[in-house]
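# Notes for the structure review
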Amino acid sequence: MDTLGASSSPPAPTAEPWELTDGLAVEAIPGKGQGVRARRPFARGETVLAEAALFTQSLRRTNASTNVLPCGGNDAHGHVAARGGLFLRGARFNSSCVPNVNNHWDAARGLLVFRALRDIAPGEELCLAYGRLLATRAARRAEMRAKFGFECACEACALTGRALAESDARRESLGSMYAAHLQGAYGDPMDGLGEAVLAVRMLREEQLPVYASSFYYSGFHCCAAVADYRSAKAWAAKAFDASRAAFGADHASRWKRLVSDPSSYAAAGSLGKRTLAGPDSPLWAVLGLS
Ligand SMILES: C[S@@+](CC[C@H](N)C(=O)[O-])C[C@H]1O[C@@H](n2cnc3c(N)ncnc32)[C@H](O)[C@@H]1O
């Protein structure tokens, strides 16, 4: 892992590619100015960069626009941090509505950690999400224009015709489900479980793994609440894996306990006893989610 302090500064940008840090190069990216490309493979969950801020400031009074990254929950999850920081290397990442890197604030270490959301091949551009992703292209572009003054040129925003209509419909529907599930508004556990499975499938279609742990949590909650601990364990294992890849082992650690003992969950058994289904069930394979 490459951990950078605030004191080291990168060279001034040139037209030629230059090494940002081990395995990362800054290069010209069509339609986006410069950006970061992988020079070696990165595995899903791997830290591509961990960096201390040069300085931080209130995000409500920021004057640095896209160059300030949140030191706390980021926009992509609808949790907006109170403070943001200037990260000399992190500010080189462009945005994409199909991000392959997640920026997560590690408060204990005072570092912004950038992790690969999926396996990344040499030559691929590494992109974060500057804004909300679970919205139509028109809404996403409007947010980027209003907040940062640029027109998003990512691959999801370049879709046209039927592919765009389908992507818009999936993201809108994921947005509604995400908002409801964050508040624990699952309805009947069977309905909540069905939504969680649907959401996991749609996230795969939209290539948005960064939200997966939230819906795995929903699946876990529904199964644990009806004391189906076998299924709950399988959902918890998925939540642990997705959470560790996007947010790191410390963040995911609470899932370890729930994988080994789902009955220790606060709402365990609170809705009586029923048998639902988990990611270990044949249904999962039938839906092509294995
Ligand atoms: C933090 S900087 C990223 C690095 C920048 N491209 C550079 O050349 O230094 C943010 C700026 O990059 C550009 N940018 C980032 N993501 C983009 C995207 N998806 N589409 C078009 N431009 C983008 C915009 O000009 C934005 O204001």
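Our structure is the block above this text.
Report follows, based on the coordinates. (Residues numbered from 1 in each chain as written. Predicted model: local features only at pLDDT ≥ 70, side-chain atom pairs only at ≥ 80, totals over all residues. Heavy atoms only, no water.)

### A look at the overall build of the chain
Rules: Runs of H or I in DSSP of at least four residues are treated as helices and runs of E of at least two as strands, each being numbered from the N terminus. All radius of gyration figures rest on C-alpha atoms, and the globule criterion is 2.2 Å times the number of residues raised to 0.38. The classification of residues rests on relative accessible area computed with a 1.4 Å probe and restricted to protein chains. Under 20% of the type maximum is buried, over 50% is exposed, and intermediate values are partly exposed. A contact between two residues is defined here by any heavy atoms of the two lying within 4.5 Å. Lys and Arg are tallied as positive, Asp and Glu as negative. Neither His nor the chain termini are counted. Where a charge lies is defined by one atom per residue type: Lys uses NZ, Arg uses CZ, Asp uses CG and Glu uses CD.
The number of helices and strands found in the chain is seven helices and twelve strands. In terms of overall dimensions, the chain is globule-like: its C-alpha atoms have a radius of gyration of 20 Å, near the 19 Å expected for 290 residues. With the principal axes as the frame, the chain shows a C-alpha extent of 65 × 45 × 40 Å. Burial status across the chain gives 50% buried among its 290 residues. For the chain, the proportion of contacts with a sequence separation of at least 24, taken over those separated by at least 6, is 67%. Of the charged side chains in the chain, 33 are positive and 28 negative; the average position of the first set lies 3 Å away from that of the second.

### Looking at the nonpolar core
The following threshold applies: Nonpolar cores were defined as sets of buried Ala, Val, Leu, Ile, Met, Phe, Trp, Tyr and Cys residues, with membership established by side-chain atoms within 4.5 Å.
Core analysis: the largest hydrophobic core is formed by 51 residues, its most contacted members being L174, Y211, F215, Y216, F220 and W235. When residues of this core are assigned to their parent elements, the largest contribution, eight residues, is made by helix α5 (residues 229-247). Ignoring sequence-local partners within four residues, the contact set of F215 consists of L174, M177, Y178, H181, A196, A199, V200, L203 and W235. L24, V48, V101 and L112 belong to the second largest nonpolar core, which has 21 residues in total.

### Structural notes on the sheet that holds strand β8 (residues 83-86)
Put simply, the rule is: By definition, two strands form a pair when at least two bridges between them are found by DSSP. All axes are obtained by fitting lines to C-alpha atoms, using only the stretch in contact for helices, and the reported angles, taken between N-to-C directions, cover 0 to 180 degrees.
Taken in spatial order, the three strands make up an open sheet running β6-β8-β7, and their pairing is antiparallel. Edge positions in the sheet fall to β6 (55-58) and β7 (68-70), since each has one partner strand and no second. Between one strand and the next, the sheet's axes are offset by a mean angle of 40°, whatever the strand orientation. Here four bridges tie β6 to β8, and the two strands are oriented antiparallel to one another. For F55, the partnering residue across the bridge sits in β8 and is L86.

### Overview of the environment of C154
One can find C154 in the loop between α1 (137-148) and α2 (161-182). Each C-alpha atom of the pair C154 and S96 lies 5.1 Å from the other, and the pair is 58 residues apart in sequence. C154 has contacts with S95, S96 and C97, leaving out every residue within four places of it along the chain.

### Focus on the packing of aromatic side chains
Keep this limit in mind: Two rings belonging to Phe, Tyr or Trp (six-membered ring only in the last case) form a pair when the distance between their centres is within 6.5 Å. Interplanar angles under 30 degrees mark stacking, angles over 60 mark edge-to-face geometry, and anything in between is tilted. Criterion for a charge above a ring: Arg CZ or Lys NZ at most 6 Å from the ring centre, at most 35 degrees from the ring normal.
Under the criterion given, the structure shown has twelve aromatic pairs. Taken together, a centroid distance of 5.5 Å and an interplanar angle of 75° make the contact between Y217 and W255 edge-to-face. Here W255 lies in helix α6 (residues 249-260) and Y217 lies in helix α4 (residues 212-225), a separation of 38 residues in the sequence. Between the aromatic rings of F220 and W255, the centroid separation amounts to 5.3 Å while the plane-to-plane angle is 90°, which identifies the pairing as edge-to-face. Here the residue F220 occupies a position in helix α4, and W255 occupies one in helix α6, the gap between them amounting to 35 residues. According to the relative accessible area criterion, F220 is buried, its value standing at 0%. Site record: aromatic cluster; members linked through ring pairs are Y217, F220, W255 and Y265. R254 extends its terminal NZ or CZ atom over the ring of Y217, reaching a point 5.3 Å from the ring centre. Looking at R254, its charged tip hangs above the ring of W255, at a distance of 5.1 Å from the centre.

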